[in-house]
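# Architecture and fold: a report
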Amino acid sequence: MMVRKTLQWIAAILVLGGAGGGGYAYWLYTQTDEWLRAYAQKAFLQRIPTAVISIGRARFDWSHRIHLYDVRLSAQGLDEPVARCVEIIVTVDGQELSENQTIDVRSLRILHPDVRLIRDADGAWNWQKLKLARPEDPCPELSFEDLQVGVRLARKAGQPSSFHVQQSNVKLIPSAHREFTVEGVALLPGLGDVQCTGRFALDRGTWKVNGGTKGTADITELVESVEHIFPESAQQLAELQNRLQADPVKTADLSPVRPVSRPSLSGQAKINFEVGRDKPNGEIDYRAKAVLELNDINHPLLPFPLQNVTGVVYVDKHQLILRNVAVRNGPTQLTADGRIDLPEPAPSNRINIKIEDLVLDRRLGACLPERGRKFFDLVHPAGHLDAAGAVVRAADGKWEPVGWALVFKHCTASHEKFPFPITDIDGTVVQNGTSLVLNFRGWAGERPATMVGTVLNIGPEAEGDYIIEVQHLPIDHVLLTAARAQPGFHRTLTNLKLRSEEHSLNSSHITISY
């Protein structure tokens, strides 16, 4: 960087030119480039004593600007430059130059800079070898135009990763001694054009950057970029999946059958973020908000693929918040709202869930946890349902269902313990603590039927107590076939040799343990 210095020879040039000694002034002017180049190198080293600086050439354009060409910045002990740029334009104070014969640098425009940031396997960066001095004179305004930044991350195990930031423009405006405000725009991998503002204080070691995507980010490209830059993120996601998932969950599709695909995430999102450090050597704080417009999510963590994902996701170092996050799969729509503490979920963390038109079929049963699969095997349901409730983090670290209410619409069922087919079922299942209260109505053949009951101790030791009422249920082949699941009842009907609609049943009470 350039600093304020007395430059008597410029005064001499002006005097000679004004006095008619134009020939000598021109000769002196043509000899100043080499002097300026050496002077600029010295000025840089005063700011960065550990730097290795080279400047191809320099010139003064008589518009109070100094041009430095082919500038390369490295540090002692490095094999390649940290930065290089095509040109630096130094604007000086014209009044100071003409009246006091001093160079007072007002701004530096750094054109087409190419910065290479390298982190070794031990976590040390190449730029850390550039030790800044603490001069008393103020820093000028700095602007970086068409900035490119390449980042390479080495690892003790595995291959290094890298990424590139392109088409960036950054401006640093002094706000106090060794403090700056920042304005910038950049093309980031997966995020597209990102605009940001911020501030940083060199002496205090604090900084903050706020920004967001100018348009919508391509989520597929963003995920691929994150996995490429940080391969450990895939392992962290797998560990999170294992913590959230008590039972193996298979991927199923409730829409028409299609080939199983690899885990994927596609669509777009509008993203805003803030990242910074408020204390010297303190932890980096961050927060981000994403407005989702996703096309497809397919991952083993999910019970089935999801489409048309919308809503808002907020995350910071302490929490993850979902706001009206809605997803679809065929006719089914799921909406979620809630909060989870980070980095570890805390007791009482809660996600409220609402489901509309969930299709009940074998594909859904196949992707449920063990208890859900057992219910499907017992009841063999088909049809649609709406559901609303929550999953809450318990003190033992498990996620438990709380306050669920299910509304069944035009369903069919045939319980394994008494497999009489019931059709056109409407009804509700309401959770009450560790119990479920059931209330259904439907048709048994051509006869109206109702079932009310309770399932106690939801889980492996559950026990169901049902009262089934049917008016004038014919004792026919369908009933006798179903009664075979209850040998005593079947034996009674068989011994009585009752047949036809003249003999019928009005109600029954069944207690089932499972």
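Residues numbered from 1 in each chain as written. Predicted model: local features only at pLDDT ≥ 70, side-chain atom pairs only at ≥ 80, totals over all residues. Heavy atoms only, no water.

## Details of the overall build of the chain
Scanning the chain for helices and strands turns up 10 helices and 26 strands. Counting all 514 residues of the chain, 37% fall into the buried class. Of the contacts made within the chain by residues no fewer than 6 positions apart, 51% connect residues no fewer than 24 positions apart. Accessible area for the chain stands at about 28400 Å²; split by element, carbon and sulfur atoms hold 56% of it. (Helix = DSSP H or I, 4+ residues; strand = E, 2+ residues; numbered from the N terminus. Buried < 20%, exposed > 50% of the residue type's maximum accessible area, 1.4 Å probe, protein only. Contact = heavy atoms within 4.5 Å. Areas by Shrake-Rupley, 256 points an atom, 1.4 Å probe, with all protein chains shown as cover.)

## Digging into the packing of aromatic side chains
Summed over all chains, the structure comprises two aromatic pairs. When the centroid spacing of 5.3 Å and the interplanar angle of 25 degrees are considered together, the rings of Phe 180 and Phe 200 count as stacked. Here Phe 200 lies in strand β11 (residues 192–201) and Phe 180 lies in strand β10 (residues 179–188), a separation of 20 residues in the sequence. Owing to a relative accessible area of 23%, Phe 200 belongs among the partly exposed residues under this scheme. Taken together, a centroid distance of 5.3 Å and an interplanar angle of 65 degrees make the contact between Phe 408 and Phe 440 edge-to-face. (Phe/Tyr/Trp six-rings, centres within 6.5 Å; stacked < 30°, edge-to-face > 60°.)

## Points about the confidence of the model for the chain
Residues with a pLDDT of 70 or more make up 75% of the chain, whose mean pLDDT is 77. Of the regions scoring below 50 in pLDDT, residues 244–261 engages in 48 contacts with residues more than four places distant in sequence or in other chains. Within the model, pLDDT remains below 50 along residues 509–514, and this stretch shows 26 contacts once partners closer than five positions in the same chain are excluded. (pLDDT = per-residue confidence, 0-100.)

## A short note on the environment of Ala 75
Note that Ala 75 resides in strand β3 (residues 65–75). For Ala 75, a relative accessible area of 2% corresponds to the buried category. The spatial distance from the C-alpha of Ala 75 to the C-alpha of Ile 48 is 9.2 Å, given a sequence separation of 27 residues. If we ignore the near neighbours within four places in the chain, the residues touching Ala 75 are Thr 50, Ala 51, Val 52, Lys 129 and Leu 130.

## Observations regarding the nonpolar core
Among soluble globular proteins, nonpolar side chains are generally buried collectively. Counting residues in each nonpolar core, the largest one holds 36 residues, and the members touching the most others are Val 309, Leu 360, Phe 408, Leu 438 and Phe 440. When residues of this core are assigned to their parent elements, the largest contribution, five residues, is made by strand β19 (residues 350–360). Within the second largest apolar cluster, 21 residues are counted, among which are Ala 40, Ile 55, Val 71 and Cys 85. (Core = buried A, V, L, I, M, F, W, Y, C linked by side-chain atoms within 4.5 Å.)

## Brief notes about the pattern of salt bridges
Per the counting criterion, the structure on display carries 11 salt bridges. The closest approach of N and O atoms between Lys 409 and Asp 357, which form a salt bridge, is 2.6 Å. Taken together, the residues span a long stretch of sequence, with Lys 409 in strand β21 (residues 399–415) and Asp 357 in strand β19 at a distance of 52 residues. A salt bridge links Asp 386 to Lys 409, with the nearest nitrogen and oxygen atoms 3.1 Å apart. Of the two residues, Asp 386 sits in strand β20 (residues 382–393) while Lys 409 sits in strand β21, which places them 23 residues apart along the sequence. Residue classification places Asp 386 among the partly exposed residues on the basis of a relative accessible area of 23%. Taking relative accessible area as the criterion, Lys 409 reaches 23% and is therefore assigned partly exposed. Within this structure, Lys 208, Glu 274, Asp 285 and Arg 287 form a network of salt bridges that share partners. (Salt bridge = Lys/Arg side-chain N within 4 Å of Asp/Glu carboxyl O.)

## Structural notes on unusual backbone geometry
Following Leu 342, the chain continues to Pro 343 via a peptide bond in cis, the omega torsion being 5 degrees. With respect to the helices, strands and loops of the structure, Pro 343 is situated in the loop between β18 (332–341) and β19. In this model, Asn 324 sits at a positive phi of 50 degrees, which is unusual for a non-glycine residue. Within the element layout of this structure, Asn 324 appears in strand β17 (residues 319–329).

## Thoughts on the pairing of β19
As judged from the seven bridges shared by β18 and β19, these two strands associate in the antiparallel manner. Bridge pairing in β19 links Gln 333 to Glu 356. For β19 and β20, the ladder comprises nine bridges, and the chain directions are antiparallel. Paired with Asn 352 across the strands is Ala 390, a residue of β20. (Pairing = 2+ DSSP bridges.)

## A short note on the side chain of Ser 74
Considering the arrangement of structural elements, one finds Ser 74 in strand β3. Among the residues examined, Ser 74 registers a relative accessible area of 11% and is labelled buried. Of note is the side chain of Ser 74, whose polar atom sits 3.4 Å from the backbone oxygen of Glu 80. Discounting chain neighbours no more than four positions away, the residues touching Ser 74 are Ala 51, Val 52, Glu 80, Pro 81, Val 82 and Leu 130. (Polar contact = N/O pair within 3.5 Å; in protein donor to acceptor, adjacent residues only side chain to side chain.)

## A look at the pairing of β11
In this structure, β10 lies alongside β11, joined through 10 bridges in antiparallel fashion. Bridged to Leu 188 within β11 is Gly 192. Between β10 and the antiparallel strand that follows it, β11, lie three residues; Gly 190 among them carries a positive phi value of about 85 degrees. Here β11 pairs with strand β12 (residues 206–213) via eight bridges, running antiparallel.

## Quick word on the environment of Gly 150
For Gly 150, the position within the fold is in strand β8 (residues 141–153). We classify Gly 150 as buried; its relative accessible area is 8%. In this structure, the C-alpha to C-alpha distance between Gly 150 and Gln 166, residues 16 residues apart in sequence, is 8.6 Å. Once residues lying within four places of it in the same chain are set aside, the contact partners of Gly 150 are Val 115, Arg 116, Leu 117, Phe 163 and His 164.

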